[in-house]
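Fold and contact review
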Amino acid sequence: MLKRTIQKGLFRRLVLQLRLVNIVPSSILNFFGRALSSLKIVSEEFQGGAGALFNPLVRDAGPVFSKLFSRWILGAWEAHQQGKKVILVPFNFPVDLIHAFDNAHPLTSEVLSTLAVINLSQQGEPYWDMAMALGLPDHLCSANTIELGSLLGSDDFYPDAIVSSGPGGCDANAKIHEFVANYLNIPHFFLPKVPENSGRGRRQYSVYFNKLVSQLEEFIGEELTEEKLGRVVERANRCTQLYWELFDLQKLSPSPVPNLFSLFIYGVRFTMWGTPEGVEALEALVEITKKYLNSPEYKNKVERARCLWAYTSYYYDLAGLFNWMEEQGYSHLGDGLDLFFPQEIDTTSREAMLEGIAESAWNMPMTRQVGAESMAGSWTEDVIWAARELRADCAIYCGHHSCKQTWSVISIMRREVMKRLGIPVLVLQGDAWIKKMTPISVIQQQIDEFVQNVIASKV
Amino acid sequence: MEDIFAQAQKLENDYLKSWREKGGKVLGYICVATPVEIIEAGGILPYRIRALGSSETELADAYLSRFNCAFCRSCLNLGLKGDYDFLDGMISSNGCDHLRGMVENWNYAGKLKFHHYLKVPHLTDPESMDFFAEDIKICKQAIEEHFDLTISDDQLWEKISAQKRIREKIQTIYQMRFQEEPAFYGWEVMSLYLFLSAVPSEVGESMLERVIEERKNYQIKDYRARLLFGGSATDEVSFIKEIETLGGVVVADTFCFGARAFWNRQPQSSSSDPCRELARIYLEELFCPRMFEEFSRRKELVLKMIEQAKVDGVVLFHNKFCDLHGVDNVQIKIALEKEGIPVLTLEKEYSARADLGRFKTRIQAFLERIGK
């Protein structure tokens, strides 16, 4: 066994910080957030992370999201204190299913890692190093290995069970969750995907999904009744409506949707979709965007390039990517993680609602694209569809080193996008959660050169 | 046996050439989850895709990336170069993310005359077994349609029996390997597997009979330690041979170019449907980290081999960027060390000669650590 350090775990540190965020009124939070960011008296890590949420470009959405995430994290802590089950899931799992239980709360590995990178000093690196200390390979995905490294090597809070929807979509994701479940002897449930896009594959997915629901009901000790599902699904449907409203706003040129909203939208999807907090947060995004659209400020906005990010963005410096792009006039039109194509779910029966959530799970990012029968085919179709709908001038592939599946078909995606849409694809390389692989200044330089030399000449 | 080793080092061996000259068809497959009996029952030669230590990847690198495993890049490179033009098609499967990408690019480049994708579940529960049995039937139909032939249940049962005999003979070879004075080196057994997975089963079976006869009194005495090798897909015979020059004889392995291709894979008499029986053989006994809820069985397999072969130490490799084995090797290491078995884990680049020196140094040190 790895000797546990005395260092506090990632989750425990986040609880300490976000407890404060939770009790401070939004207006005061916004005031202090902006003051700290603009005075530049805080660390670069803060400015690039949590501070970025309070940049005037993000308008008043910073406090909304700080509070959303604090409710989500503290909700898990409170659930644990009350003897409820805390279920760790990966980002490609529909959290609404867990929210439907009265006695369970979801935590999402990749969101915890991202919050650590945004909020904590030294970002997620100490926890990544804990995983490496066990001999795990450095080509794993930092998105989940940061959080799971904390479970493996620090004094942290353990979930009661892990649900894995990685098998079929991502080897790295699936294996690290399995490793942690085995290492810590935590119950492990699966929602695998067979890469079969005909009805047969989809039917098999429902078989797995329904089996998982039964397993969770037994584990949590609670039946998922029609009433409980109905509550969550109705809110999830409202989230869906708001998602598409934002998507339509994103089509306008210049885009009135602040760049960081891309992250916020899937932030809701991966944490509080189907909850009152999730609905409120998305309503706030729509409201803020519309307000900006009708402001004199928007009329003066210059948009130099419309960029669709094909898979993930970079998260170790939100200010250096999202806000910097906005300052340059480069609209971030969302990334691959926004491409989860939510649909309103039929609420007429328990079975219909479960089938609707199964369909949403099937369409979760990664599962839908690289978990498909053709990784290149499904991913390319989604990127082309989004690029066309959003009138993107280009696509950018962040090249997170651990995404072996997308890396293995990026050449096909790039060729097809160029052939069928006539737009170029920039292929970057880096670790989206760990800054030491490629500094943000290098990323900025590459984007700048690309826009100036390739996009500007076309527009 | 020298002739077999020489043939095993050719991408297109003489038996395969002769098969093709007589009008025989050849179907490539990439993973040990592929029931070769279906291909053989159609009168087609199943051929396991390999790179044979080729480290050239310049053509493949225009498709795959440096973050994909070099074994897959090397295989793809051979395909793009035309070295695999003797194939009449390929049965691929979702073995891992790298393999999936390799085949998608191979197909995208227009280098596959026929391609069928066998979808292998990640679990072995009854629902997954049902799905896989049906998928095997779909695969059979695809072969029948493309090659304009019919595969009867009798033909399938006949090939299931033929593979049973072959697996029994390989099992015998492994038992001869497990002896106090082993009858085979590790590199020799890998060569036998490479030969076996590239020739008609009749040729393979008679070769195994000959080899067993030739080696029945053969004894390797001058070795320092008995090792078990395991890990990612690799067909690097020369690498194992070089390592064995240090005095550690590889008496057991859990490679998919080795034991995993046949271990426990024997038919039972309970099923009347050959496709269902194949599903059971190939999914239930798929000892690969791409399978979930199966870690304890993988661990048991290794422990059983260690016990049977009286192994002194275990060396687990993973190809750079292979997440499945990269993680699983650590799990296996922790489990084995709890049992007091020394383990060395190594990350390597497929077929990188530049890596050889450092690996020899580390294995030399490992032998010293285990007191050999």
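Residues numbered from 1 in each chain as written. Chains lettered and ligands numbered in written order. Predicted model: local features only at pLDDT ≥ 70, side-chain atom pairs only at ≥ 80, totals over all residues. Heavy atoms only, no water.

1. A few points about the overall build of chain B
Here is the rule we go by: Helix and strand assignments follow DSSP, with helices taken as H or I runs no shorter than four residues and strands as E runs no shorter than two, numbered in order from the N terminus. Throughout, the radius of gyration refers to the C-alpha atoms, and the reference size of a globule is 2.2 Å times the residue count to the power 0.38. In what follows, residue pairs with any heavy atoms lying within 4.5 Å of each other are defined as contacts. Asp and Glu are treated as the negative residues and Lys and Arg as the positive ones, with His and the ends of the chain left uncounted. A charge is said to be at NZ when it belongs to Lys, at CZ for Arg, at CG for Asp and at CD for Glu.
When its secondary structure is counted, chain B shows 14 helices and 8 strands. In terms of overall dimensions, chain B is globule-like: its C-alpha atoms have a radius of gyration of 20 Å, near the 21 Å expected for 372 residues. For the C-alpha atoms alone, the extent of chain B along its principal axes is close to 60 × 50 × 45 Å. Contacts in chain B between residues at least 24 apart in sequence constitute 73% of all its contacts with a sequence separation of at least 6. Within chain B, one finds 49 positive and 58 negative side-chain charges whose respective centroids are separated by 4 Å.

2. Regarding the domain arrangement of chain B
Residue and element names in this part refer to chain B. The cut-off we apply is this: Each domain's extent was defined by an automatic or database domain assignment. Here the buried area means the combined drop in accessible surface, using a 1.4 Å probe, for two parts upon being joined, counting both sides. Put simply, a salt bridge is a Lys or Arg side-chain nitrogen that is within 4 Å of an Asp or Glu carboxyl oxygen.
Each assigned domain of chain B is listed with its residue range as follows: domain 1 (15–154) and domain 2 (166–369). Measuring from the centre of the C-alpha atoms in domain 1 to the corresponding centre in domain 2 gives 22 Å. Between domain 1 and domain 2, the contact holds 49 residues from the first and 41 residues from the second. Of the roughly 3,700 Å² buried between domain 1 and domain 2 on both sides combined, carbon and sulfur atoms contribute 62%. Linking domain 1 to domain 2 there are 3 salt bridges.

3. Details of a nonpolar patch on the surface
As a reminder of what qualifies: Any residue with relative accessible area above 30% and no salt bridge may belong to a patch, with like charges joined within 9 Å and the nonpolar Val, Leu, Ile, Met, Phe, Trp and Tyr side chains within 5 Å. Calculation of accessible area relied on Shrake-Rupley with a 1.4 Å probe; when residues are assessed, cover is drawn exclusively from the protein chains displayed.
On the surface, I28, F31 and F32 of chain A cluster together into a nonpolar patch covering about 330 Å² of accessible area. Relative to the helices and strands, F31 of chain A resides in helix α2 (residues 26–39).

4. Observations regarding the sheet that holds strand β2 (residues 45–48) of chain B
In any sheet, the strands associate via hydrogen bonds between backbone groups, in a parallel or an antiparallel arrangement. Residues and elements named next belong to chain B. Applied cut-off: What makes two strands pair is DSSP finding at least two bridges between them. Throughout, an axis means a line fitted to C-alpha atoms (over the contacting stretch in the case of helices), and angles, computed between N-to-C directions, take values from 0 to 180 degrees.
With respect to topology, 4 strands assemble into an open sheet ordered β2-β1-β3-β4, the strand pairing being parallel. Strand pairing shows two members of the sheet lacking a second neighbour, β2 and β4 (115–118), which therefore form its edges. Each strand of the sheet is rotated relative to its neighbour by a mean of 25 degrees, with strand direction disregarded. Helix α6 (residues 126–147) rests against β1 (26–29), β3 (90–93) and β4 of the sheet, and its axis sits at about 175 degrees to β4.

5. Points about the side chain of N323 of chain A
As for its placement among the helices and strands, N323 of chain A is situated in helix α15 (residues 318–328). Among all residues touching N323 of chain A, those that are not within four sequence positions of it are A52, N55, L57, V58, L260 and L318 of chain A.

6. A few points about unusual backbone geometry
As a reminder, the rule being used: Here the term buried applies to any residue with accessible area under 20% of the maximum for its type, exposed to any over 50%, and partly exposed to those in between, with areas from a 1.4 Å probe on protein chains only.
A cis amide bond links S253 of chain A with the next residue in sequence, P254 of chain A, at an omega value of -5 degrees. In this fold, P254 of chain A is placed in the loop between α11 (226–250) and α12 (261–269). Positive phi, normally seen in glycine, also occurs at Q123 of chain A, with a value near 50 degrees. Within the secondary structure, Q123 of chain A sits in the loop between α6 (109–119) and α7 (125–133). Unusually for a residue other than glycine, L52 of chain B sits at a positive phi of about 50 degrees. In this structure, L52 of chain B sits in the loop between β2 and α4 (70–81). Residue L52 of chain B is classed as buried on the basis of its relative accessible area, which comes to 16%.

7. Some thoughts on the packing of α6 of chain B against helix α11 (residues 274–284) of chain B
Residue and element names in this part refer to chain B. The following threshold applies: By the definition used in this description, the sense in which the near helix is turned from the far one sets the handedness, with an anticlockwise turn below a right angle giving left-handed and a clockwise turn giving right-handed. For this classification, Asp, Glu, Lys and Arg are treated as charged, while Ala, Val, Leu, Ile, Met, Phe, Trp, Tyr, Cys and Pro are nonpolar and the rest, including Gly, are polar.
Packing of α6 against α11 leaves a shortest axis separation of 8 Å and a crossing angle of 115 degrees. At the point where α6 passes α11, the crossing takes the right-handed sense. Residue-level inspection shows S128, M129, D130, F132, A133, I136, K137 and K140 of α6 in contact with α11, the latter providing C275, R276, L278, A279, R280, Y282, L283 and E284. For the contact of α6 with α11, the class distribution of residues is 9 nonpolar, 1 polar and 6 charged.

8. Describing the sheet that holds strand β3 (residues 161–164) of chain A
All names here are of chain A. Pairing is parallel in the open sheet, where 4 strands are placed in the order β2-β1-β3-β4. Of all strands in the sheet, those with a lone pairing partner are β2 (104–108) and β4 (188–190), marking the two edges. Direction aside, neighbouring strands of the sheet carry axes that sit 25 degrees apart on average. Relative to β2, strand β1 (residues 85–89) runs parallel, the two sharing 5 bridges. Looking across to β2, one finds that L88 is bridged to L107. Sheet contacts for helix α4 (residues 61–81): β1 and β2; angle to β2, the most-contacted strand, approximately 135 degrees. Where helix α10 (residues 199–220) meets the sheet, it contacts β1, β2, β3 and β4, and its direction lies at approximately 155 degrees from that of β4.

9. Digging into the confidence of the model for chain B
The test is simple: The predictor attaches a confidence to each residue, called pLDDT, with possible values from 0 through 100.
The predicted model of chain B has a mean per-residue pLDDT of 96, with 100% of residues at 70 or higher. Here the predicted complex scores 0.96 on pTM and 0.95 on ipTM.

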